[in-house]
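Close look at the chain arrangement
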Amino acid sequence: MPDQHQPDERALSALAARLRTARAVTVLTGAGVSAASGVPTFRGADGLWRNFSASDLATPEAFERDPHLVWEWYAWRRALMAACQPNAAHQVLASWTQRHERWRVITQNVDDLHLRAGTRDLVRLHGSIWKLRCWRDCGCAPWRDERASLPEVPPRCPQCGGLARPGVVWFGEALDPDDVAAAHRLTDCDVFVMAGTSAVVYPAAGFLHQAHSRGAFTVEMNVEATDATRVVDMAIHGPVEQTLAELDTRL
Ligand code: BJW
Ligand code: ZN
């Protein structure tokens, strides 16, 4: 019986060979990449959506209804993330982007772990949990607050004194068009990897299909099968931090 936590040796060697000669490699990451750092994922057995409702906490309507409740949830997650460190997956990806610009990373994650590991030119589709914006959009620039605990909940806009909101993208909100355009450009690659994402949230999940239709060899790295498994050319099932570390030794 193969050990399901040991990445498939043959698949890893075949993928390493492709990566060595690829002109461009794009990795789209999701919450699974930060799981080993202690950041909870959204879906799955221990995911946030098991105990919390997305429509009560991660939509503009939820914020409009109960900003205090939404901010309590974000304050709890910020405190949790502040104690987390980048893991081997973040470190390997960062080292690849530092080595050559042909390695590119797009993330759906709102933690800063890719940046803290040193990833270059990161495209962040869903914003940052450490960024705040004015809810009324009074014209002030978004600002960063990296404290583990906020001075007040809900926090206030320093310019107009109104409510501040987390600088993340909620369901039903448009992503920053510049980020979407940047991610779309990166789907023009030889190898496109979906790493630690359930591949259900759009438009991020759609980049796999774009990359595929533009001729990329597509790969999934996940602990379990997802909607993407049937679509990709290669699925490597196992902890992504282990898969990437093993792959790194073969490059
Ligand atoms: C491991 C591992 C290990 C664990 N190793 N693997 C039908 C109804 C309503 C809406 C829609 C609809 N159809 C489409 C939509 C649109 C909607 C959408 O896609 N909904 C689907 C869920 C159905 N999308 C949107 O609303 C987006 N906006 C939009 O479309 O705008 C259109 C528009 C245009 C013009 C004007 C107005 C609007 C916005 C989406 C925003 C998503 N936001 C969130 C919250 C961010 C803020 C926060 O963090 O609080 O983003 S939701 C959440 O999901 C978060 C994530 O980035 C995102 C993706 O999740 P991810 O990363 O894949 O995590 P998980 O937990 O799902 O998966 C983790 C995976 O890792 C699992 O597979 C594990 O197995 C694996 N794993 N450990 C490897 N060690
Ligand atoms: Zn304001």
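Residues numbered from 1 in each chain as written. Chains lettered and ligands numbered in written order. Predicted model: local features only at pLDDT ≥ 70, side-chain atom pairs only at ≥ 80, totals over all residues. Heavy atoms only, no water.

Moving on: the site of ligand 1. Near ligand 1 you find 35 residues, and of these Arg43, Tyr74, Arg77, Thr197 and Ser198 are the closest. A distance of 2.7 Å is found between an oxygen atom of ligand 1 and a backbone nitrogen or oxygen belonging to glycine 172. At 3.2 Å, a backbone N or O of glycine 196 approaches an oxygen atom of ligand 1. Alone, ligand 1 offers 1,500 Å² of accessible surface; in the complex the protein occludes 73% of this. Of all the secondary structure elements, the ones that give two or more residues to the shell around ligand 1 are helix H2 (32-35), helix H6 (67-82) and helix H11 (240-250). Sort the elements by how many residues they give to the shell around ligand 1 and H6 lands first, with 3 residues. Tallied by class, residues from the shell around ligand 1 come to 18 nonpolar, 12 polar and 5 charged. (Near = heavy atom within 4 Å. Polar contact = N/O pair within 3.5 Å; in protein donor to acceptor, adjacent residues only side chain to side chain. Areas by Shrake-Rupley, 256 points an atom, 1.4 Å probe, with all protein chains shown as cover. Helix = DSSP H or I, 4+ residues; strand = E, 2+ residues; numbered from the N terminus. Nonpolar A, V, L, I, M, F, W, Y, C, P; charged D, E, K, R; others polar.)

Positionally, alanine 58 belongs in the loop between helix H4 (54-57) and helix H5 (60-65). Assessed through its relative accessible area of 6%, alanine 58 is described here as buried. Through-space distance from the C-alpha of alanine 58 to that of valine 70 is 7.6 Å; in sequence the pair is 12 residues apart. Excluding residues that lie within four positions of it along the chain, alanine 58 makes contacts with Trp49, Tyr74, Trp170 and Phe171. (Buried < 20%, exposed > 50% of the residue type's maximum accessible area, 1.4 Å probe, protein only. Contact = heavy atoms within 4.5 Å.)

Attention shifts here to the layout of surface pockets. Of the pockets and cavities examined, the second largest pocket occupies roughly 310 Å³. Within the residue set of the lining of the second largest pocket, elements represented by two or more residues are strand E4 (127-134) and strand E6 (164-168). Broken down by element, the residue count for the lining of the second largest pocket peaks at 4 residues, all from E4. Taken together, the residues that form the lining of the second largest pocket break down as 6 nonpolar, 4 polar and 7 charged. (1 Å grid on protein atoms, 1.4 Å probe; cavity = no way out; pocket = protein on both sides within 12 Å on 5 of 7 lines; lining within 4 Å. Points joined across faces, edges and corners; volume = space filled by probe spheres on them.)

Where helix H1 (residues 9-21) meets H11, the axes come as close as 9 Å, and the angle between the chain directions of the two elements is 60°. Put simply, H1 runs oblique to H11. Crossing geometry of H1 relative to H11 is assigned as right-handed. The residues of H11 that touch H1, namely those facing Glu9, Leu12, Ser13, Leu15, Ala16, Leu19 and Arg20, are Thr243, Glu246, Leu247 and Arg250. Considering only residue class, the contact of H1 with H11 consists of 5 nonpolar, 2 polar and 4 charged. (Axes fitted to C-alpha atoms, helices over the stretch in contact; angles between N-to-C directions. Parallel < 35°, antiparallel > 145°, perpendicular 65-115°, else oblique. Left-handed = near helix turned anticlockwise from the far one by under 90°.)

So, to be careful, I would describe these as geometric facts and stop short of saying anything about function.
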